[in-house]
Every structure is written in C-alpha cells, then in structure tokens.
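So the chains spell out like this:
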Amino acid sequence: MKQISLVADVFLQESIRAFENMKKLADNALAQADDSHFYQTLDEESNSLEVLIKHMHGNMLSRWTDFLTTDGEKETRERDGEFESSQHSREELISIWEEGWKVLFTALHALTPEDVLKTIQIRGEENSVLKAIQRQVSHYGYHVGQIVFLSKHWASHHWETLSIARGQSKSFKPQ
C-alpha cells in the first residue's frame, strides 16, 4: 500500500507540473498576440483565442470546482456560449484565464495520494481521479496547442520561439 501511495503522489506532482508547463506555454504564446488577434479565426469553423480561453475557463470551473464531491459537468455551465464571440477585452480574457487555472491548481494541490483511486462523476459517468486528471491533461494540451498555433500564425515573422529555435538543435547540450 505504501508503494501505491508513493506512485500516486508522483502522479499528482507530475500532473501538476504538466499543467504548469501547459499554462506557461500558453501564457508565453498569448503574450505575443496583439489585442486584435484574440478575436480572429482562420475560417468560420475555427476557434479564436478568445473562444479557446472562454472554453478552457468554463471547462476548468466545471471540472475542478468541488472536484471530488460533485459531477464535473456543472448544471450552471453554459458550454455552447463558450464558443460564441463576446468581444471581451484582453484584460477580461486574461482574468478569466487566470481564474480557471487558479481553480484547477487549488483542486490539484488539495488532493492526496489516497484520492487518486477514488471515483468521481463527469457527465454522470464514473471515472477514477487518475483518469479524470489524465482526461484534462489531454484536453488542455490539445487546446494549448491551438493557442500556440494561432498565436504563432498571427505573430508571423515577429514570433519568438517558445522552445529550441530552428537551426539550434545541434548546439543544444543537455545539462
């Protein structure tokens, strides 16, 4: 049982680290987007940065509020509205972005290794806490990738890389 607790603790810490890295990546991408870029789409079926932020915010509040005790799809969530443009200011969007991440990190930091194998509900379906966390790592990673792609696209030749710059791979020396 001690071994399971150790593995569960490592899982929680690695999950927190993964979310922190995702947030940092998206924060650095959003910082390179002009205000007008938050509302632009590639086509009528694509999401804007604004929509991605609103959707992730809504999902984070729904999934992570009362994480262990209530269904992860809250009745108060207006998911369809998350995909409609509302022209919130950049400051408003960043504020709800931060709020969503705060709820997520508060919930994760409150979990214990013993919680990892507990069962929770998402849309009436039973999930282990481990599965629910992995589900969100995948979901948010998908949307953070979209945020980075759009931010890079709109910044074009002004983009500052968020990882190893092109042509610099061979000069990278692991520490």
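Heads up: the structure comes first, above all this text.
Scope of this entry: the structure provided in the associated data block. (Residues numbered from 1 in each chain as written. Predicted model: local features only at pLDDT ≥ 70, side-chain atom pairs only at ≥ 80, totals over all residues. Heavy atoms only, no water.)

### Some words on the side chain of His 37
Piece 1. If you trace the backbone, His 37 turns up in the loop between α1 (2-30) and α2 (49-64).
Piece 2. Judged by relative accessible area, His 37 falls into the buried class, the value being 10%.
Piece 3. Beyond its immediate sequence surroundings of up to four residues, His 37 is in contact with Leu 49, Trp 154 and Ala 155. (Helix = DSSP H or I, 4+ residues; strand = E, 2+ residues; numbered from the N terminus. Buried < 20%, exposed > 50% of the residue type's maximum accessible area, 1.4 Å probe, protein only. Contact = heavy atoms within 4.5 Å.)

### Regarding the packing of aromatic side chains
Piece 1. This structure, assessed with the given rule, holds seven aromatic pairs.
Piece 2. An angle of 85° between the planes, with centres 6.1 Å apart, marks the rings of Phe 19 and Trp 64 as edge-to-face. With a gap of 45 residues between them, Phe 19 in helix α1 and Trp 64 in helix α2 connect regions that are remote in the sequence.
Piece 3. Considering the side-chain rings of Trp 101 and Tyr 140, the 6.1 Å spacing of their centres and the 65° angle between planes classify their relative orientation as edge-to-face. Highlighted residues: Trp 101 in helix α4 (residues 90-110) and Tyr 140 in helix α5 (residues 129-155), separated in sequence by 39 residues. (Phe/Tyr/Trp six-rings, centres within 6.5 Å; stacked < 30°, edge-to-face > 60°.)

### Description of the pattern of salt bridges
Piece 1. Here the structure, examined in full by the defined rule, presents 10 salt bridges.
Piece 2. In this structure, Glu 125 and Lys 131 form a salt bridge, with 3.8 Å as the shortest nitrogen-oxygen distance. (Salt bridge = Lys/Arg side-chain N within 4 Å of Asp/Glu carboxyl O.)

### Details of the environment of Ser 5
Piece 1. Tracing the backbone through its elements, the reader meets Ser 5 in helix α1.
Piece 2. Residues Ser 5 and Glu 126, spaced 121 residues apart in sequence, show a C-alpha to C-alpha distance of 22 Å.
Piece 3. Sequence-distant contacts of Ser 5, defined by excluding residues within four places in its chain, comprise Pro 113 and Glu 114.

### A closer look at the pairing of strand β2 (residues 125-128)
Piece 1. Here strand β1 (residues 119-122) runs beside β2; their pairing, made up of four bridges, is antiparallel. Across the sheet, Gln 121 pairs through a bridge with Glu 126, a residue of β2.
Piece 2. The turn joining β1 and β2, which pair antiparallel and follow one another in sequence, is formed by two residues; a positive phi near 55° is taken by Arg 123. (Pairing = 2+ DSSP bridges.)

### Regarding the environment of Lys 102
Piece 1. Within the fold, Lys 102 resides in helix α4.
Piece 2. On the accessibility criterion, Lys 102 (60% relative accessible area) is exposed.
Piece 3. When the C-alpha atoms of Lys 102 and Leu 61 are compared, they prove to be 9.4 Å apart, with 41 residues separating the residues in sequence.

### Describing α1
Piece 1. The terminal C-alpha atoms of α1, which comprises 29 residues, lie 42 Å apart, in line with the 42 Å expected from a rise of 1.5 Å per residue.
Piece 2. Taken together, the buried positions of α1 are Ala 8, Phe 11, Leu 12, Ser 15, Ile 16, Phe 19, Met 22, Lys 23, Ala 26, Ala 29 and Leu 30.
Piece 3. Where α1 is buried, its residues contact α2, α4 and α5. (Expected span 1.5 Å × (residues − 1).)

Geometric values such as these leave the question of function open.
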